[in-house]
Amino acid sequence: MPNRLEHETSPYLRQHADNPVDWYPWGAEAFDRAQADDKPILLSVGYSSCHWCHVMAHESFEDPAVAAVMNDRFVCVKVDREERPDVDAIYMQAVQAMTGSGGWPMTVFLDQTGRPFFGGTYFPPEDRPGMPGFVRLMDAVDDAWRNRRDELDQQAEQLHEAIEQSTAIGTGARGALTPAILDRAVENLQEQFDPRFGGFGRAPKFPQAMTLTFLLDVAAGASHANAPRPEVLEMITGSLDAMAAGGIYDQVGGGFHRYSVDAHWLVPHFEKMLYDQALLTRAYLHGWMVTGTERYRRVVEETITYVLRDLRHADGGFFSAEDADSEGVEGKFYVWSLEELEALCGDALPDVVRHFGVTARGNFEDPHTAFRGNILHAVGPPEDRPESIAAVLPALFAAREHRVRPGLDDKVLLGWNALFLRALVEAAHALQRDDWMDAARTNARFLLRAMRRDDGRLLRSWQDGRANLLAYAEDYGAMLGALLTLAELDDVQWLGEARAVADGLVALFADDERGGFFTTGSDAEALIVRPKDFQDNATPSENSLAADGLLRLSALTGDPDGAQRAERWLATLAPVLGEHPTAFAYLLEALERAVQPPLELAIVGDDGPARDALVDVVRTRVLPGSVRVTAPPGAGADLTPLLVDRALVDGRPAAYVCERFACRLPVTDPDALRAQLDERLVGRLDA
């Protein structure tokens, strides 16, 4: 008989609906039950595409004997970290404080008020070297709960105090906002860069898309005064080339896996996350715009094709993820035997074997099943894909489509959708893909319709027609950024929706005492602390998203309040931004806006070849820290001062290059616009 998780919107929670564990979703019912029965809470946090979450579920949560111990001694609560990042963040801090590390699945024991007193990550069912068995652990926790409750209370109080301290960011001294912070960030990234294999740091290696996007801004700005610094370009191209060639990139179907377990990008954890597609699409798009490298454009096209093909709901929302596993085997959907390729590739087989490094033995083995095969990866120097390889890939893709697909997490998360929406709009504009822009508009309208209440309150998660959970600050911040991009590159009328989202962000989440924004809204459920996320991790933090979005909005509308809030937060973190650039990579983009004089561009004219010629000057150009709008004469003046009194010149479309809404003489010739932009950007660098 299914448990209480049967009707949840989270596919991850529903995966546990048939467990013999008497699971509760997070909520008052579970805590009331714990109080009534005088039992501690056993909190288990994971997500649907997490490989080790599936392992622990199979080993322990599906085992009737283990479940019997859980049900007898604890009130068991299951949380999807992607739906409840607030709960996950609080208890992950506790686990990190206790163990020095974290991860998922996360297992935490709480008292009846929600205070944690012990926790960890994955536990095997029985003892293994260096790892206590889950049943033995539960026996020990139960014994302490019944016989040494005062010790647990003391531990819970200490952990509660430690978590509260971690949310107190903003109480210290603030630093000056200067371009020197950006220079220091670049220096530190050079120290972390792997010149042999690309990327930053050692294995396991994560894509660091936001770091690359920041470096592309640096390269784009420098290129207008002189040649981009070679050391910056080396970090960019070395990383983009290595990832695009590696097993972390799906060479057959497009899109990126989560991360590489090795230093050279060969063996990934095979889950595909929507947010990685969003952030890496933007990095490769900007890489193509800055360097002109066509293989980066190809990666953009293939990644967007993957998302629109495999992660799109018919109503326009984008699903969250695909699992690493299929048929219970990690990576089985993606790897190939030599025999399979021999049957499919025909005369192209030698080229396929050579290009993708295929061997009879393979380069991957699933540690649990001994399943073996080849992860396709491009070997040799970076180059665009040979024609013979491009010709055979459709056959490989068609054959792979007959395999059992990895599990799909079909919930739609507002913040992740908004991240991909921004990247999709940028790519549609730069590559002049009307079909992509149509998909972007459909997605934006879906999010504002299906994931917004009648009172304007945004919601976090949608699945199969049901939206629930109040949206978090990261959802508001990401949606603000996406709507601003639509206003800049599609239709200035989107700016009205952006302003409404910004108003909600400030009203619900702003910390007026210490600056920045809380994770949860003032109308949300009270947890043991009100969390505040400030480091960029797999996704940008809520505060980085908010700072960047509010600075952009201020540059478009002239409203100083948002810019002041953003600059206050930047000043709070100024002492550490340059020292820890990978932890604040998205926020460094916001810092660029704060320390450089704004570059504002308005193009006025009816749609047609003359206006398109002006737009083409900036269509494929990265302009760091800039904002732009394009509109017919007289349109949008109620939304942005950039369009007030902006008229045609001699009846022709005109471009206005401005700083703080003071504009140079308008130009109608594309070459004249290009010259004004070059001159203005050089002036910013010299300022």
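Details of the structure are given in the entry above.
Residues numbered from 1 in each chain as written. Predicted model: local features only at pLDDT ≥ 70, side-chain atom pairs only at ≥ 80, totals over all residues. Heavy atoms only, no water.

**Student:** Now, about the nonpolar core: what can you tell me, with residues and values included?
**Tutor:** Counting residues in each nonpolar core, the largest one holds 165 residues, and the members touching the most others are Met-70, Phe-134 and Tyr-284. With near-sequence residues (within four places) excluded, Phe-134 lies in contact with Leu-42, Met-56, Ser-60, Phe-61, Val-66, Met-70, Thr-107, Phe-123, Pro-124 and Pro-125. Counting 24 residues, the second largest nonpolar core, distinct from the first, contains Val-77, Met-92, Leu-527 and Ile-528. (Core = buried A, V, L, I, M, F, W, Y, C linked by side-chain atoms within 4.5 Å. Buried < 20%, exposed > 50% of the residue type's maximum accessible area, 1.4 Å probe, protein only. Contact = heavy atoms within 4.5 Å.)

**Student:** Could you give an account of the side chain of Asn-188, with specific residues and numbers?
**Tutor:** If you trace the backbone, Asn-188 turns up in helix H8 (residues 179-192). By relative accessible area, Asn-188 is classed as buried at 7%. At a separation of 2.8 Å, a polar atom in the side chain of Asn-188 contacts the main-chain carbonyl oxygen of Gly-578. With near-sequence residues (within four places) excluded, Asn-188 lies in contact with Gly-578, Glu-579 and Pro-581. (Helix = DSSP H or I, 4+ residues; strand = E, 2+ residues; numbered from the N terminus. Polar contact = N/O pair within 3.5 Å; in protein donor to acceptor, adjacent residues only side chain to side chain.)

**Student:** Break down the pairing of strand E3 (residues 75-80) for me, citing the residues and quoting the values.
**Tutor:** E3 sits mainly inside the fold: six of its six residues count as buried. Note that strand E2 (residues 41-46) and E3 share six bridges and pair parallel. What sits directly across from Leu-42, in E3, is Cys-76. (Pairing = 2+ DSSP bridges.)

**Student:** Tell me about unusual backbone geometry, and please be specific about residues and values.
**Tutor:** Most peptide bonds are trans, and most residues other than glycine sit at a negative phi. The omega torsion across Trp-104 and Pro-105 is 5 degrees, close enough to zero to call that bond cis. Structurally, Pro-105 can be placed in the loop between helix H5 (85-99) and strand E4 (106-110). Of the consecutive residues Ala-203 and Pro-204, the connecting peptide bond is found in the cis state with omega at -5 degrees. Note that Pro-204 resides in the loop between H8 and helix H9 (209-222). At Asp-38, a residue that is not glycine, the phi angle is positive and equals roughly 55 degrees. Here Asp-38 shows up in the loop between helix H2 (28-37) and E2. Even without a glycine there, the phi angle at Trp-265 is positive, about 70 degrees. Turning to its location among the elements, Trp-265 is positioned in the loop between strand E6 (259-260) and strand E7 (268-269).

**Student:** Account for empty space enclosed by the protein, with residues named and values stated.
**Tutor:** Rolled over the atoms, a probe as big as a water molecule pinpoints where empty space is left. Within the structure shown, the criterion is met by five cavities of 30 Å³ or more. In this structure, the largest cavity encloses a volume near 370 Å³. Around the largest cavity, the lining is made up of 27 residues, and of these Arg-282, His-286, Glu-426, Leu-623 and Arg-628 lie nearest the centre. Elements represented by at least two residues in the lining of the largest cavity include exactly helix H11 (274-291), helix H16 (414-430), helix H18 (473-489), helix H20 (542-557), helix H22 (585-595), helix H23 (609-619) and strand E19 (626-631). (1 Å grid on protein atoms, 1.4 Å probe; cavity = no way out; pocket = protein on both sides within 12 Å on 5 of 7 lines; lining within 4 Å. Points joined across faces, edges and corners; volume = space filled by probe spheres on them.)

**Student:** I'd love a proper account of the packing of H11 against helix H12 (residues 294-310), names of residues and values included.
**Tutor:** Helix-helix packing: each pair is described by the crossing angle between the helix axes and the interaxial distance. Direction vectors running N to C along H11 and H12 enclose 155 degrees, while the axes themselves pass 8 Å from each other. Considered as vectors, H11 and H12 are oriented roughly antiparallel to each other. Pair H11 / H12 crosses with left-handed handedness. On H12, the residues touching Leu-274, Gln-277, Thr-281, Tyr-284, Leu-285, Gly-287, Trp-288 and Thr-291 of H11 are Glu-294, Tyr-296, Arg-297, Val-299, Val-300, Thr-303, Ile-304, Tyr-306 and Val-307. (Axes fitted to C-alpha atoms, helices over the stretch in contact; angles between N-to-C directions. Parallel < 35°, antiparallel > 145°, perpendicular 65-115°, else oblique. Left-handed = near helix turned anticlockwise from the far one by under 90°.)

**Student:** Could you give an account of the sheet that holds strand E15 (residues 412-413), naming the residues involved and the relevant values?
**Tutor:** On the basis of which strands lie adjacent, the open sheet formed by three strands has the order E15-E16-E17 and antiparallel pairing. Both outer strands of the open sheet, E15 and strand E17 (466-470), are each paired with one neighbouring strand and no more.

**Student:** Explain the layout of surface pockets to me, using residue names and the numbers behind them.
**Tutor:** Here the second largest pocket is characterised by a volume of approximately 600 Å³. If you go around the second largest pocket, you meet 29 residues; those closest to its centre are His-429, Leu-489, Asp-490, Arg-611 and Arg-619. Those elements that provide at least two residues to the lining of the second largest pocket are H16, helix H17 (434-450), H18, strand E18 (599-604), H23 and E19. For the lining of the second largest pocket, the leading source of residues is H23, giving five residues.

**Student:** Describe the state of the cysteines, naming the residues involved and giving the relevant values.
**Tutor:** Scanning the entire structure with this criterion turns up two disulfides. Note that Cys-50 is cross-linked by a disulfide to Cys-53, the S-S spacing being 2.3 Å. Disulfide Cys-50-Cys-53: torsion about the S-S bond near 80 degrees, hence right-handed. Neither Cys-50 nor Cys-53 differs from the other in exposure class; each is buried. (Disulfide = S-S within 2.5 Å.)

**Student:** Describe the pairing of E4, with residues and values.
**Tutor:** Most of E4 sits out of view: five of its five residues are buried. Of the two faces of E4, the one carrying Met-106, Val-108 and Leu-110 and the one carrying Thr-107 and Phe-109 are both buried. As defined by bridge partners, E2 adjoins E4 across five bridges and the pair is classed as antiparallel. What sits directly across from Val-45, in E4, is Met-106. Bridging between E4 and strand E5 (residues 116-120) involves four bridges; their strand directions are antiparallel. Residue pairing in the sheet places Phe-109 in a bridge with Phe-118 of E5. Counting the residues that bridge the hairpin from E4 to E5 gives five residues, and of these Gly-114 lies at a positive phi of roughly 100 degrees.

**Student:** Outline the packing of aromatic side chains, listing residues and values.
**Tutor:** Under the counting rule described, the total for this entry stands at 21 aromatic pairs. With 5.3 Å between their ring centres and 50 degrees between their planes, Phe-74 and Phe-109 make a pair best called tilted. In this pair, Phe-74 is assigned in the loop between helix H4 (64-73) and E3 and Phe-109 in strand E4, connecting sequence segments 35 residues apart. In this pair, the class of Phe-74 matches that of Phe-109, namely buried. Where Phe-318 meets Phe-420, the ring centres are 5.1 Å apart and the plane angle is 75 degrees; that geometry is what we call edge-to-face. Of this pair, Phe-318 sits in the loop between H12 and strand E9 (321-322) while Phe-420 sits in helix H16, and the two are 102 residues apart along the sequence. Each member of the pair, Phe-318 together with Phe-420, is buried. In textbook terms, an aromatic cluster arises when at least three aromatic residues are bridged by ring pairs, as seen for Trp-23, Phe-61, Phe-123 and Phe-134. (Phe/Tyr/Trp six-rings, centres within 6.5 Å; stacked < 30°, edge-to-face > 60°.)

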